[in-house]
Amino acid sequence: DAVQNEEIKNEFSYIAWKAKTKIHCGKPQLAWEAYLSLDASSKSYTLLQMIANVAYQMGYFFYALKAFDVLERLDPSPEYWEGKRGACV
């Protein structure tokens, strides 16, 4: 990891950017682990939405499914149900 400053590493924007790049580099499990390392908050919810959508777009349907499933449990929105359904197909 090129960034050495712990303050920067703990910023949400850095965590989200790194998670997105991990998905784009073929390592969606590392993005999922980043989500799991966060405390429950609006930021973790935002990261989960990003993981669900980017993983789906990149074809990592298992991680998209996991993310959409958690999102649907938190907010039973039809959008999340459709995302889950699409990831399963």
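What comes next is a walk through the structure. (Residues numbered from 1 in each chain as written. Predicted model: local features only at pLDDT ≥ 70, side-chain atom pairs only at ≥ 80, totals over all residues. Heavy atoms only, no water.)

Overview of the pattern of salt bridges
This model, assessed by the stated rule, comprises 5 salt bridges. With a shortest N-O distance of 2.9 Å, aspartate 69 and arginine 73 are connected by a salt bridge. Taken as a pair, aspartate 69 and arginine 73 lie in helix α5 (residues 61–74) at a separation of 4 residues, close to a single helical turn. Residue classification places arginine 73 among the exposed positions, given a relative accessible area of 67%. In this structure, lysine 84 engages aspartate 69 in a salt bridge whose closest nitrogen and oxygen atoms are separated by 3.0 Å. (Salt bridge = Lys/Arg side-chain N within 4 Å of Asp/Glu carboxyl O. Helix = DSSP H or I, 4+ residues; strand = E, 2+ residues; numbered from the N terminus. Buried < 20%, exposed > 50% of the residue type's maximum accessible area, 1.4 Å probe, protein only.)

Some remarks on the packing of helix α2 (residues 12–24) against helix α3 (residues 28–37)
It is at 7 Å that the axes of α2 and α3 come closest, and there the two elements cross at 155°. The orientation of α2 relative to α3 falls into the category roughly antiparallel. By crossing handedness, the relation of α2 to α3 is classed as left-handed. Along its contact with α2, which presents Ile15, Ala19, Lys22 and Ile23, the element α3 presents Pro28, Leu30, Ala31 and Ala34. Per-class residue counts for the contact of α2 with α3 are 7 nonpolar, no polar and 1 charged. (Axes fitted to C-alpha atoms, helices over the stretch in contact; angles between N-to-C directions. Parallel < 35°, antiparallel > 145°, perpendicular 65-115°, else oblique. Left-handed = near helix turned anticlockwise from the far one by under 90°. Contact = heavy atoms within 4.5 Å. Nonpolar A, V, L, I, M, F, W, Y, C, P; charged D, E, K, R; others polar.)

Some details on the nonpolar core
One recurring pattern in soluble globular proteins: nonpolar side chains tend to sit buried together. Leu47 and Ile51 are the most contacted members of the largest nonpolar core, which totals 22 residues. Of all elements in the fold, only α2, α3, α4 (42–58), α5 and α6 (78–88) reach the threshold of two or more residues within this core. Examining the composition of this core, we find that 7 residues originate from one element, α4, more than from any other. Residues in contact with leucine 47, not counting those within four places in the same chain, are Phe12, Ile15, Ala16, Ala19, Ala34, Tyr35 and Leu38. (Core = buried A, V, L, I, M, F, W, Y, C linked by side-chain atoms within 4.5 Å.)

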